[in-house]
Amino acid sequence: MNEEPEGSESAEANVSRETLASVFGATDPQSADERIAQAEGYVGLLSTIGIERGIIGPREVPRLWGRHVLGSAVVEELIPGESDVIDVGTGGGLPGIPLAIARPDIWVTLVEPMQRRVDFLDEVIAALGIRNVEVLRARAEEVDPKGKADIVVSRAVAPLGKLAGWCLPLARVGGLMLAIKGQSASEEIARDAKTVRRLGGGPANISLCGESKLSDPVFPVPATVVAIERVR
Ligand SMILES: C[S@@+](CC[C@H](N)C(=O)[O-])C[C@H]1O[C@@H](n2cnc3c(N)ncnc32)[C@H](O)[C@@H]1O
């Protein structure tokens, strides 16, 4: 995760109920309260045992809600109903855990090779009672079966070309890889277009997610997502 100078804000600062409901209650308003509580619990665990165990840096605490949790959850805008989703290199569960909380209709497989992070993820899922997510300790290259997922998401894992080599083989033909990228998105697309094509990817499109929910100051910027369809 990117780091900024330490601030005095707590993880709880500045998140309005409206924002939480618009992100976590959009698909199923009836269970919004339960899912907002899960998101709050996740932020609580990241900012306590997550820091103690080195899953995230202490300087990230003021940005847990905006950049990390909401900035991950809004990517649900690009995920069709009832998708089978793989999160490659999930680390402490980003973006997969916020996506699973926001979208009870999808199934999320969190792929992470490091045992310490896998243990944290297992604890988080059990403590929060998230029912539509599983954890797989593996490198992306080792995941089996390949070619099955509707969506393969990732955030802060590798440059686009290398990422395409890990993510596209996991998607079914017609499925999408969604890579959360920052300002480097266009540059990475231009640089790695040939590699992506060689790996069976179609044209790359950039989407900004969360724009309609930006009335809350907790969102610094919309999430910039590179979407590539597996065409063969
Ligand atoms: C910088 S962290 C990002 C974690 C998380 N996605 C986030 O946004 O906070 C990169 C993660 O990718 C994982 N990783 C590295 N190589 C991998 C591979 N070949 N397959 C799957 N995950 C990998 C690392 O263990 C690490 O947890």
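Each residue is numbered by its place in its chain's sequence as written, counting from 1. Where local features are concerned, this predicted model is filtered to residues with pLDDT of at least 70; where side-chain atom pairs are given and counted, the filter is 80 or more; whole-chain, interface and lining totals use all residues. With hydrogens and water set aside, each side-chain value is computed from the structure's full complement of heavy atoms.

## Observations regarding the overall build of the protein chain
Working step 1: We count a stretch as a helix when DSSP gives it H or I for four or more residues in a row; a strand needs E for two or more, and each element gets its number in order from the N terminus. Looking only at helices and strands, one finds eight helices and seven strands in the protein chain.
Working step 2: The size measure is the radius of gyration over C-alpha atoms, and the globule rule it meets is 2.2 Å times the number of residues to the 0.38 power. The C-alpha atoms of the protein chain give 17 Å as radius of gyration, which agrees with the globular expectation for 232 residues (17 Å, within 12%).
Working step 3: Across its three principal directions, the C-alpha atoms of the protein chain cover 45 × 35 × 30 Å.
Working step 4: For every residue, the accessible area obtained with a 1.4 Å probe (protein chains only) is divided by the maximum for its type, and the residue is called buried under 20%, exposed over 50%, and partly exposed between those limits. For the protein chain, the proportion of its 232 residues judged to be buried stands at 52%.
Working step 5: Put simply, 71% of the contacts in the protein chain that link residues at least 6 apart link residues at least 24 apart.
Working step 6: For the protein chain, the exposed surface amounts to about 10,400 Å²; the carbon and sulfur share of it is 50%.
Working step 7: Seen as two clouds, the 25 positive and the 33 negative side-chain charges of the protein chain have centres 9 Å apart. Whether two residues are in contact is decided by their heavy atoms, any of which lying within 4.5 Å being enough. Methods summary: accessible areas were calculated by the Shrake-Rupley approach with a probe of 1.4 Å, and residue burial reflects only the protein chains presented. By the counting scheme adopted, Arg and Lys are positive, Glu and Asp are negative, and His together with the chain ends is not counted. Charged groups are reduced to one reference atom each: NZ for lysine, CZ for arginine, CG for aspartic acid, CD for glutamic acid.

## Looking at the state of the cysteines
Working step 1: Two cysteine sulfurs form a disulfide in these notes if their separation is within 2.5 Å. Considering all chains together, one arrives at zero disulfides under this definition.
Working step 2: C167 takes part in no disulfide bond, and the closest cysteine sulfur, belonging to C209, lies 16 Å away.
Working step 3: A residue is classified by how much of its surface remains accessible, and C167, at 0% relative accessible area, is buried.
Working step 4: The class of C209 is buried, set by a relative accessible area of 1%.

## Looking at the packing of helix α2 (residues 32–47) against helix α6 (residues 115–128)
Between two packed helices, the angle of one axis relative to the other and the distance separating the axes together describe the packing.
Working step 1: Note on method: axes are straight lines fitted to C-alpha atoms, helices fitted across the in-contact stretch only, with angles between N-to-C directions ranging 0 to 180 degrees. Where α2 meets α6, the closest approach of the two axes is 10 Å, and the angle between their N-to-C directions is 145 degrees. Crossing of α2 against α6: the hand is right-handed. The residues of α6 that touch α2, namely those facing Q38, G41, Y42, L45 and L46, are F120, V124, A127 and L128.
Working step 2: Polar here means any residue other than Ala, Val, Leu, Ile, Met, Phe, Trp, Tyr, Cys and Pro, which are nonpolar, and Asp, Glu, Lys and Arg, which are charged; Gly is therefore polar. In terms of residue class, the contact of α2 with α6 is made up of seven nonpolar, two polar and no charged. The crossing is said to be left-handed when, going from far helix to near helix, the turn is anticlockwise and less than a right angle, and right-handed when the turn is clockwise.

## Comments concerning the UniProt feature "binding site: S-adenosyl-L-methionine" (unreviewed entry) in the protein chain
Working step 1: Cross-referencing UniProt, the feature "binding site: S-adenosyl-L-methionine" (unreviewed entry) maps to G89, L94, A140, E141 and R155 in the present numbering.
Working step 2: Within the secondary structure, A140 sits in the loop between β3 (133–136) and β4 (149–155).
Working step 3: If sequence neighbours within four positions are ignored, A140 has contacts with V88, V111, K146, W166 and L170.
Working step 4: Turning to its location among the elements, R155 is positioned in strand β4. UniProt positions are given in the numbering used here, feature names are shortened, and annotations may be inferred rather than shown by experiment.

## As for the pairing of strand β1 (residues 84–88)
The side chains of a regular strand alternate, first on one face of the sheet and then on the other.
Working step 1: Among the five residues of β1, four are classified as buried, and the element is accordingly described as predominantly covered.
Working step 2: Here, a strand pair is defined by DSSP locating no fewer than two bridges between the strands. Sheet topology places β1 next to strand β2 (residues 107–111); five bridges connect them, and they run parallel. Counterpart to D84 in the pairing with β2 is W107.
Working step 3: Convention used here: a crossover is right-handed provided that the path from the first strand, over the helix, to the second strand proceeds clockwise when the strands point away from the viewer. Crossover connection from β1 via helix α5 (residues 96–102) to parallel β2: handedness right-handed.

## Considering the environment of A193
Working step 1: One can find A193 in helix α8 (residues 185–198).
Working step 2: With a relative accessible area of 29%, A193 lands in the partly exposed category.
Working step 3: A sequence separation of 32 residues divides A193 from G161, and the C-alpha atoms of the two residues are 7.7 Å apart.

## Focus on the site of the ligand
Working step 1: Around the ligand lies a shell of 15 residues, among which L94, E112, R117, A140 and R155 are the nearest.
Working step 2: Distance and chemistry together define a polar contact, namely a pair of N or O atoms within 3.5 Å, with one atom able to donate a hydrogen and the other to accept it when in protein, and with adjacent residues in sequence counting only for side-chain atoms on both sides. Within the contact set of the ligand, an oxygen atom lies 2.7 Å away from a side-chain nitrogen or oxygen of E112.
Working step 3: Contact with the protein chains hides 84% of the accessible area of the ligand, taken as 600 Å² for the molecule alone.
Working step 4: Along the lines of polarity and charge, the residues of the shell around the ligand split into seven nonpolar, three polar and five charged. By convention in this text, a residue qualifies as near a molecule or strand provided that one of its non-hydrogen atoms is within 4 Å of it.

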